[in-house]
Amino acid sequence: MSTTPAAGTEAPQVSGHQLAYDVFINEPPPQDGVLPNGEPKRFSPMASTLIYGSRDAVLTDAPMTVDQARALGDWVAAKDRNLTDIFVTHGHGDHWFAAGLLAERFGARVVATDGTIAQMHGAVASRPLLWDKVYDGIPPSPVTAVAVPDNGFTLEGHDLVIVEVGHTDSDDTSVLHVPDLDLVVAGDAIYNGVHMYLGQSVTVGGFGTWRAAIDKVEALEPRHIVAGHQNHPLDDDAARQIAETRQYLDDAEELLRTETTAVAFFNAKIKRYPHHLGRYVLWAGTRGLYDVREHPDGDVAQILLRSWL
Ligand SMILES: [Zn+2]
């Protein structure tokens, strides 16, 4: 668990009580199998952010399994706030498959953009082909999310602004901007000390859309960013994370030119990022990139699904 202190003392007083935020990081669920270097496959830690006032709270991103939802839910319950909304940044199942459990436990609404809601339906369709083959204990995941008018809602009178940033590690992703906290909760647009999922870049011809999304986050001028996947000891400094996310893409582009096989790319990334977590995500993305390259006439969606298995 991380207890990133809220930026309450730095946030401008707007009206009534100030907001604060705190982050809970779920450990990745257990799984079978090994990576090319022989180490066990391990997903990334998953971060959920609670933004709260004196009475109410909003949670951004839910985890995937029943056990993770229980751990996060107990942490939320201990905050003793009324959870009004659960915002989902994008459609990947590791950010919302357990949202329904938490929504039920707290009587909260699930919120996402129309684009993300469409992606959530796609994630449900791919569940039996991917997620349920890899992990036990994923609860039923009906899509109950609703869009909100003008992509905005409020928490005790403070604006929470949903900003659509397009394709990052998947299509139709978004971030939550909390101006009164100088905070962006970034989902998978920004990563923090964790390997980025690069596989789906093949569907948009590279990392250009992701770079544009990073620019959009930067234009919000946050001081703090909570990345959807992060390594516990790292801080939430926005400038550092933006620079490091760009650098990771720069390195990937370079290694895609110089490394001729997936294993060589994987090993080169680990050498450059020895402390990054989530090497299973690195491997799945790398396999996808190289399998698509080696099978230009193949079914890209099938190749990307297989890369996780
Ligand atoms: Zn993710």
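Higher on the page you've got the structure.
A brief report on the enclosed structure follows. Since we're looking at a predicted model, the values are computed, not measured.

The rules behind these values
- Residues numbered from 1 in each chain as written.
- Predicted model: local features only at pLDDT ≥ 70, side-chain atom pairs only at ≥ 80, totals over all residues.
- Heavy atoms only, no water.
- Pairing = 2+ DSSP bridges.
- Helix = DSSP H or I, 4+ residues; strand = E, 2+ residues; numbered from the N terminus.
- Axes fitted to C-alpha atoms, helices over the stretch in contact; angles between N-to-C directions.
- Donors = N, O, S within 2.8 Å, 3.2 Å for Na, K, Ca; no water.
- Tetrahedral: all angles 85-135°; square planar, octahedral: opposite > 155°, others 65-115°.
- Buried < 20%, exposed > 50% of the residue type's maximum accessible area, 1.4 Å probe, protein only.
- Phe/Tyr/Trp six-rings, centres within 6.5 Å; stacked < 30°, edge-to-face > 60°.

1. Comments concerning the sheet that holds strand β10 (residues 224-227)
- An order of β6-β7-β8-β9-β10 is seen for the 5 strands of this open sheet, with the pairing classed as mixed. The open sheet has two edge strands with one neighbour each: β6 (152-155) and β10. Averaged over neighbouring strand pairs, the angle between their axes works out to 25° when direction is ignored.
- In this sheet, β10 lies alongside strand β9 (residues 183-187) in parallel orientation, the contact comprising 4 bridges. Bridged to Val185 within β10 is Val226.

2. A few points about the coordination of the zinc ion
- At this site the zinc ion is bound by Asp94 (OD), His95 (NE2), Asp188 (OD) and His229 (NE2), with donor distances of 2.1 to 2.4 Å.
- For the zinc ion, the 4 donor atoms are set out with angles of 82 to 168° between them, so the coordination reads as irregular.
- We note that the donor set of the zinc ion lies within a single chain, spaced as D-H-x92-D-x40-H. Pair noted here: His95 is in the loop between β4 (82-87) and α2 (99-106) and Asp188 is in the loop between β9 and α5 (208-219), with a separation of 93 residues, a long-range link. As far as the burial class goes, His95 and Asp188 line up, both buried.

3. What to know about the packing of aromatic side chains
- Within the structure shown, the criterion is met by 14 aromatic pairs.
- With a centroid separation of 6.4 Å and an interplanar angle of 70°, the aromatic rings of Phe43 and Trp131 are classed as edge-to-face. On the criterion of sequence distance, the pair formed by Phe43 in the loop between β1 (20-26) and β2 (46-52) and Trp131 in helix α4 (residues 131-134) is long-range, its members being 88 residues apart.
- Residue Phe43 is classed as buried on the basis of its relative accessible area of 4%.
- Using a relative accessible area of 7% as the deciding quantity, one classes Trp131 as buried.
- Pairing Phe97 with Trp131 gives two aromatic rings, centres 5.9 Å apart and planes at 90°, and the pair type is edge-to-face. Of this pair, Phe97 sits in the loop between β4 and α2 while Trp131 is found in helix α4, placing the two residues 34 residues apart along the sequence.

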